Amino acid sequence: MCEEMVFFKNKNRKTGVDKNNLPEHIAIIMDGNGRWAKKRGLPRTAGHAAGSETFRKIATYCNDIGIKYLSVYAFSTENWKRPKEEVDAIMGLLEKYLIEAYDSVIKDNIRLTFWGEKAALSEKLQAMIHEVEERSREMTGLHVNVCLNYGGRDEIARAVKSIAKEVISGKINPETIDETFISDRLYSAGTPDPELIIRPSGEIRVSNFLLWQSAYSEYYFTDVLWPDFTSKVLDEAIAAFQNRNRRFGGV
Ligand code: IPE
Ligand code: IPE
Ligand code: MG
(Lines give C-alpha, C1' and ligand atoms only; values in the text may rest on other atoms or scores of the structure.)
(Ligands and ions follow the chains in the order given, each with its own letter.)
Protein backbone atom coordinates (compact mmCIF):
# COMPACT_ATOMS: atom_id res chain seq x y z
CA MET A 1 0.00 0.00 0.00
CA CYS A 2 1.38 3.40 -0.87
CA GLU A 3 2.08 5.88 1.88
CA GLU A 4 -0.82 8.13 0.93
CA MET A 5 -3.33 5.30 1.19
CA VAL A 6 -2.14 4.44 4.71
CA PHE A 7 -2.58 8.10 5.57
CA PHE A 8 -6.21 8.12 4.45
CA LYS A 9 -7.02 4.73 5.93
CA ASN A 10 -6.16 6.01 9.42
CA LYS A 11 -7.97 9.29 9.03
CA ASN A 12 -11.59 10.07 9.65
CA ARG A 13 -12.67 11.10 6.14
CA LYS A 14 -15.21 13.65 7.33
CA THR A 15 -12.99 15.68 9.61
CA GLY A 16 -9.49 14.77 8.49
CA VAL A 17 -8.57 13.94 12.09
CA ASP A 18 -6.18 11.05 12.63
CA LYS A 19 -7.55 9.56 15.84
CA ASN A 20 -4.37 7.54 16.26
CA ASN A 21 -2.19 10.61 16.38
CA LEU A 22 -3.96 13.04 18.70
CA PRO A 23 -2.20 15.74 20.67
CA GLU A 24 -1.77 14.61 24.24
CA HIS A 25 -2.47 18.04 25.70
CA ILE A 26 -4.81 20.67 24.22
CA ALA A 27 -5.16 24.12 25.79
CA ILE A 28 -7.97 26.55 24.99
CA ILE A 29 -8.39 30.27 25.65
CA MET A 30 -12.17 30.33 26.07
CA ASP A 31 -12.74 33.80 24.61
CA GLY A 32 -15.65 35.62 22.99
CA ASN A 33 -18.46 35.13 25.52
CA GLY A 34 -19.16 38.87 25.82
CA ARG A 35 -19.32 39.45 22.06
CA TRP A 36 -21.55 36.40 21.62
CA ALA A 37 -24.02 37.91 24.12
CA LYS A 38 -23.80 41.40 22.63
CA LYS A 39 -24.67 40.06 19.17
CA ARG A 40 -27.88 38.69 20.67
CA GLY A 41 -28.75 41.77 22.71
CA LEU A 42 -28.08 39.81 25.93
CA PRO A 43 -26.06 40.78 29.01
CA ARG A 44 -22.41 39.64 29.01
CA THR A 45 -23.23 37.24 31.82
CA ALA A 46 -25.50 35.29 29.46
CA GLY A 47 -22.44 34.82 27.27
CA HIS A 48 -20.51 33.37 30.19
CA ALA A 49 -23.37 30.99 30.97
CA ALA A 50 -23.41 29.83 27.33
CA GLY A 51 -19.60 29.55 27.39
CA SER A 52 -19.69 27.33 30.44
CA GLU A 53 -22.05 24.95 28.59
CA THR A 54 -19.60 24.84 25.71
CA PHE A 55 -16.82 23.98 28.14
CA ARG A 56 -18.84 20.99 29.46
CA LYS A 57 -19.47 19.74 25.91
CA ILE A 58 -15.88 20.15 24.75
CA ALA A 59 -14.48 18.46 27.88
CA THR A 60 -16.84 15.53 27.33
CA TYR A 61 -15.79 15.30 23.70
CA CYS A 62 -12.08 15.38 24.59
CA ASN A 63 -12.67 12.60 27.11
CA ASP A 64 -14.59 10.56 24.51
CA ILE A 65 -11.90 10.78 21.84
CA GLY A 66 -9.07 10.04 24.28
CA ILE A 67 -7.29 13.36 24.79
CA LYS A 68 -5.16 13.04 27.94
CA TYR A 69 -5.03 16.69 29.11
CA LEU A 70 -7.28 19.68 28.48
CA SER A 71 -6.30 23.05 29.97
CA VAL A 72 -8.81 25.86 29.72
CA TYR A 73 -8.35 29.55 30.49
CA ALA A 74 -11.40 30.49 32.56
CA PHE A 75 -10.30 33.65 34.38
CA SER A 76 -7.03 35.54 34.13
CA THR A 77 -5.15 37.53 36.77
CA GLU A 78 -6.17 40.56 34.66
CA ASN A 79 -9.89 39.73 34.56
CA TRP A 80 -10.42 41.23 38.05
CA LYS A 81 -10.51 44.59 36.22
CA ARG A 82 -14.03 43.77 35.00
CA PRO A 83 -17.20 45.06 36.66
CA LYS A 84 -17.95 43.32 39.96
CA GLU A 85 -21.27 41.92 38.68
CA GLU A 86 -19.49 40.21 35.82
CA VAL A 87 -16.75 38.77 38.05
CA ASP A 88 -19.40 37.55 40.52
CA ALA A 89 -21.37 35.93 37.72
CA ILE A 90 -18.30 34.07 36.47
CA MET A 91 -17.47 32.85 39.99
CA GLY A 92 -21.11 31.80 40.41
CA LEU A 93 -20.94 29.73 37.23
CA LEU A 94 -17.77 28.08 38.51
CA GLU A 95 -19.52 27.14 41.75
CA LYS A 96 -22.38 25.68 39.75
CA TYR A 97 -19.92 23.68 37.67
CA LEU A 98 -18.09 22.42 40.78
CA ILE A 99 -21.35 21.16 42.31
CA GLU A 100 -22.03 19.09 39.18
CA ALA A 101 -18.40 18.05 38.89
CA TYR A 102 -18.54 16.46 42.34
CA ASP A 103 -20.51 13.60 40.77
CA SER A 104 -19.49 13.81 37.14
CA VAL A 105 -15.74 13.46 37.73
CA ILE A 106 -16.38 9.97 39.11
CA LYS A 107 -19.03 9.02 36.55
CA ASP A 108 -16.90 10.24 33.62
CA ASN A 109 -13.50 9.26 35.09
CA ILE A 110 -12.22 12.86 34.84
CA ARG A 111 -9.41 14.29 36.93
CA LEU A 112 -10.02 17.95 37.68
CA THR A 113 -7.36 20.38 38.87
CA PHE A 114 -7.14 24.17 39.04
CA TRP A 115 -4.12 26.25 38.04
CA GLY A 116 -3.82 29.77 39.42
CA GLU A 117 -3.68 31.61 42.72
CA LYS A 118 -6.52 30.25 44.83
CA ALA A 119 -6.04 32.50 47.88
CA ALA A 120 -7.80 35.37 46.07
CA LEU A 121 -10.97 33.29 45.56
CA SER A 122 -13.84 33.09 48.04
CA GLU A 123 -13.38 30.58 50.85
CA LYS A 124 -16.40 28.68 49.61
CA LEU A 125 -14.94 28.33 46.12
CA GLN A 126 -11.54 27.35 47.52
CA ALA A 127 -13.15 24.63 49.63
CA MET A 128 -15.15 23.30 46.66
CA ILE A 129 -12.05 23.25 44.49
CA HIS A 130 -10.08 21.40 47.15
CA GLU A 131 -12.86 18.83 47.53
CA VAL A 132 -13.18 18.04 43.83
CA GLU A 133 -9.41 18.00 43.27
CA GLU A 134 -9.04 15.44 46.05
CA ARG A 135 -12.06 13.43 44.95
CA SER A 136 -10.89 13.15 41.35
CA ARG A 137 -7.20 12.58 42.14
CA GLU A 138 -7.19 8.90 41.11
CA MET A 139 -9.28 9.29 37.95
CA THR A 140 -7.53 7.95 34.87
CA GLY A 141 -9.51 9.51 32.00
CA LEU A 142 -9.18 13.07 30.76
CA HIS A 143 -7.26 15.40 33.08
CA VAL A 144 -8.85 18.87 32.97
CA ASN A 145 -6.93 21.89 34.27
CA VAL A 146 -9.10 24.93 34.80
CA CYS A 147 -6.89 28.02 34.79
CA LEU A 148 -8.58 30.31 37.29
CA ASN A 149 -7.01 33.52 38.53
CA TYR A 150 -4.16 32.32 36.34
CA GLY A 151 -1.47 34.46 34.73
CA GLY A 152 1.64 33.13 33.00
CA ARG A 153 3.85 35.89 34.39
CA ASP A 154 2.39 35.49 37.87
CA GLU A 155 3.10 31.75 37.69
CA ILE A 156 6.74 32.39 36.78
CA ALA A 157 7.13 35.11 39.44
CA ARG A 158 5.83 32.68 42.08
CA ALA A 159 8.27 30.00 40.94
CA VAL A 160 11.15 32.50 41.13
CA LYS A 161 10.11 33.46 44.66
CA SER A 162 9.98 29.85 45.83
CA ILE A 163 13.35 29.10 44.25
CA ALA A 164 14.89 32.18 45.89
CA LYS A 165 13.67 30.89 49.26
CA GLU A 166 15.22 27.48 48.59
CA VAL A 167 18.53 29.13 47.75
CA ILE A 168 18.50 31.39 50.83
CA SER A 169 17.70 28.49 53.11
CA GLY A 170 20.71 26.66 51.70
CA LYS A 171 18.55 23.81 50.40
CA ILE A 172 19.82 24.19 46.86
CA ASN A 173 22.84 25.51 45.00
CA PRO A 174 21.87 28.08 42.30
CA GLU A 175 24.03 26.11 39.85
CA THR A 176 21.51 23.27 39.94
CA ILE A 177 18.70 25.48 38.56
CA ASP A 178 17.84 24.40 35.04
CA GLU A 179 14.70 24.33 32.88
CA THR A 180 13.32 21.17 34.50
CA PHE A 181 13.88 22.64 37.93
CA ILE A 182 11.79 25.66 36.98
CA SER A 183 9.07 23.54 35.26
CA ASP A 184 8.75 21.54 38.48
CA ARG A 185 7.80 24.70 40.37
CA LEU A 186 4.98 25.80 38.08
CA TYR A 187 1.28 24.93 38.42
CA SER A 188 1.85 22.60 35.48
CA ALA A 189 4.52 20.52 37.26
CA GLY A 190 4.21 16.95 35.99
CA THR A 191 1.97 17.83 33.02
CA PRO A 192 3.44 17.68 29.51
CA ASP A 193 3.46 20.99 27.63
CA PRO A 194 0.41 21.58 25.40
CA GLU A 195 1.14 20.62 21.80
CA LEU A 196 -1.86 22.64 20.60
CA ILE A 197 -3.26 25.94 21.93
CA ILE A 198 -6.57 27.13 20.50
CA ARG A 199 -7.92 30.67 20.71
CA PRO A 200 -11.41 31.33 19.40
CA SER A 201 -13.04 34.79 19.01
CA GLY A 202 -10.68 36.20 16.38
CA GLU A 203 -8.09 37.64 18.79
CA ILE A 204 -4.55 36.81 17.75
CA ARG A 205 -2.79 37.10 21.09
CA VAL A 206 -1.72 35.02 24.06
CA SER A 207 -3.12 37.21 26.89
CA ASN A 208 -0.73 35.81 29.52
CA PHE A 209 -1.69 32.14 29.01
CA LEU A 210 0.87 29.35 29.61
CA LEU A 211 3.87 31.54 28.73
CA TRP A 212 6.49 29.02 29.85
CA GLN A 213 4.68 25.90 28.67
CA SER A 214 3.93 27.23 25.17
CA ALA A 215 7.57 27.47 24.07
CA TYR A 216 6.90 24.98 21.22
CA SER A 217 3.11 24.82 21.13
CA GLU A 218 1.27 25.07 17.85
CA TYR A 219 -1.39 27.81 17.87
CA TYR A 220 -4.76 27.64 16.16
CA PHE A 221 -6.88 30.78 15.88
CA THR A 222 -10.49 30.86 14.76
CA ASP A 223 -13.13 33.60 14.51
CA VAL A 224 -15.77 31.36 16.09
CA LEU A 225 -16.89 32.80 19.45
CA TRP A 226 -16.42 30.40 22.37
CA PRO A 227 -20.15 29.77 23.01
CA ASP A 228 -20.46 28.72 19.33
CA PHE A 229 -17.41 26.43 19.49
CA THR A 230 -18.26 22.81 18.66
CA SER A 231 -16.56 19.42 18.50
CA LYS A 232 -16.37 20.00 14.73
CA VAL A 233 -14.28 23.15 15.26
CA LEU A 234 -12.06 21.21 17.65
CA ASP A 235 -11.63 18.52 14.98
CA GLU A 236 -10.63 21.22 12.48
CA ALA A 237 -8.03 22.53 14.92
CA ILE A 238 -6.66 19.03 15.53
CA ALA A 239 -6.56 18.30 11.80
CA ALA A 240 -4.67 21.57 11.20
CA PHE A 241 -2.25 20.64 13.98
CA GLN A 242 -1.67 17.21 12.45
CA ASN A 243 -0.70 18.82 9.17
CA ARG A 244 1.94 21.08 10.74
CA ASN A 245 5.61 20.30 10.53
CA ARG A 246 7.04 20.65 14.03
CA ARG A 247 10.80 21.08 13.99
CA PHE A 248 11.72 22.17 17.53
CA GLY A 249 14.66 24.10 16.16
CA GLY A 250 15.95 21.19 14.09
CA VAL A 251 15.79 20.75 10.33
C1 IPE B 1 -13.96 35.07 27.82
O2 IPE B 1 -14.92 35.84 27.17
C3 IPE B 1 -14.31 34.81 29.26
C4 IPE B 1 -13.43 35.52 30.22
C5 IPE B 1 -12.41 36.26 29.91
C6 IPE B 1 -13.75 35.36 31.61
P7 IPE B 1 -14.91 37.41 27.24
O8 IPE B 1 -15.75 37.84 28.38
O9 IPE B 1 -13.52 37.94 27.24
O10 IPE B 1 -15.62 37.77 25.88
P11 IPE B 1 -15.27 38.98 24.92
O12 IPE B 1 -13.83 38.87 24.56
O13 IPE B 1 -15.58 40.23 25.68
O14 IPE B 1 -16.17 38.78 23.74
C1 IPE C 1 -8.26 35.85 28.02
O2 IPE C 1 -9.32 36.56 27.47
C3 IPE C 1 -8.66 35.29 29.35
C4 IPE C 1 -9.69 34.26 29.30
C5 IPE C 1 -10.28 33.78 28.25
C6 IPE C 1 -10.07 33.72 30.58
P7 IPE C 1 -9.47 38.14 27.66
O8 IPE C 1 -10.73 38.52 27.01
O9 IPE C 1 -9.31 38.50 29.09
O10 IPE C 1 -8.19 38.68 26.87
P11 IPE C 1 -7.92 40.09 26.22
O12 IPE C 1 -8.25 41.14 27.26
O13 IPE C 1 -8.81 40.21 25.04
O14 IPE C 1 -6.48 40.07 25.84
MG1 MG D 1 -12.25 38.45 25.78
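See above for the structure.
Predicted, not measured: the structure shown is a model, and the values here were computed from it.

Visitor: I'd love a proper account of the site of ligand 1, names of residues and values included.
Guide: The local shell around ligand 1 holds 13 residues, among which Asp 31, Gly 34, Arg 35, Arg 44 and Arg 82 are the closest. Here an oxygen atom of ligand 1 sits 2.9 Å away from a polar atom, N or O, in the side chain of Arg 44. Here ligand 1 has 380 Å² of accessible area as a free molecule, and 87% of this is covered by the chains. The element contributing the most residues to the shell around ligand 1 is helix α2 (residues 33-39), with three residues. Counted by class, the shell around ligand 1 contains three nonpolar, five polar and five charged residues.

Visitor: Residue-level account of the site of ligand 2, with values.
Guide: What surrounds ligand 2 is the set Ile 29, Met 30, Asp 31, Tyr 73, Ala 74, Phe 75, Asn 79, Arg 82, Arg 199, Arg 205 and Ser 207. Between ligand 2 and Arg 82, the relevant distance is 3.2 Å, taken from an oxygen atom to a side-chain nitrogen or oxygen of the residue. Calculation on ligand 2 without its partners gives an accessible area of 390 Å², and the protein chains cover 78% of this total. Broken down by element, the residue count for the shell around ligand 2 peaks at three residues, all from strand β2 (residues 69-76). Its residues assigned to classes, the shell around ligand 2 comprises five nonpolar, two polar and four charged.

Visitor: Tell me about the packing of helix α4 (residues 84-107) against helix α5 (residues 123-135), residues and numbers included.
Guide: Orientation of α4 relative to α5, taken along the N-to-C sense of each, is 20°, at an axis distance of 10 Å. In terms of their interaxial angle, α4 and α5 are classed as roughly parallel. Handedness of the α4/α5 crossing: left-handed. Along the contact surface, α4 presents Met 91, Leu 94, Glu 95, Leu 98, Ile 99, Ala 101, Tyr 102, Asp 103, Val 105 and Ile 106, while α5 presents Lys 124, Leu 125, Met 128, Ile 129, Glu 131, Val 132 and Arg 135. Residue classes in the contact of α4 with α5 are distributed as 12 nonpolar, no polar and five charged.

Visitor: Lay out the sheet that holds strand β3 (residues 111-115) with the relevant residues and their values.
Guide: Across the sheet, which stays open at both edges, the six strands sit in the order β3-β4-β2-β1-β5-β6 with parallel pairing between neighbours. In this open sheet, the two edge strands, each paired with only one partner strand, are β3 and β6 (218-221). Going across the sheet, the axis of each strand differs from the next one's by a mean of 20°, ignoring polarity. Bridge analysis of β2 against strand β4 (residues 143-150) gives seven bridges, and the strand direction is parallel. By the bridge assignment, Tyr 73 is partnered in β4 with Cys 147. Together, β1 (25-29), β2 and β4 form the strand contacts of helix α3 (residues 44-65), whose direction differs from that of β2 by roughly 165°. Helix α8 (residues 231-242) contacts β1, β5 (196-199) and β6 of the sheet and is inclined by roughly 135° relative to β5.

Cut-offs used in this document
Residues numbered from 1 in each chain as written. Chains lettered and ligands numbered in written order. Predicted model: local features only at pLDDT ≥ 70, side-chain atom pairs only at ≥ 80, totals over all residues. Heavy atoms only, no water. Near = heavy atom within 4 Å. Polar contact = N/O pair within 3.5 Å; in protein donor to acceptor, adjacent residues only side chain to side chain. Areas by Shrake-Rupley, 256 points an atom, 1.4 Å probe, with all protein chains shown as cover. Helix = DSSP H or I, 4+ residues; strand = E, 2+ residues; numbered from the N terminus. Nonpolar A, V, L, I, M, F, W, Y, C, P; charged D, E, K, R; others polar. Axes fitted to C-alpha atoms, helices over the stretch in contact; angles between N-to-C directions. Parallel < 35°, antiparallel > 145°, perpendicular 65-115°, else oblique. Left-handed = near helix turned anticlockwise from the far one by under 90°. Contact = heavy atoms within 4.5 Å. Pairing = 2+ DSSP bridges.

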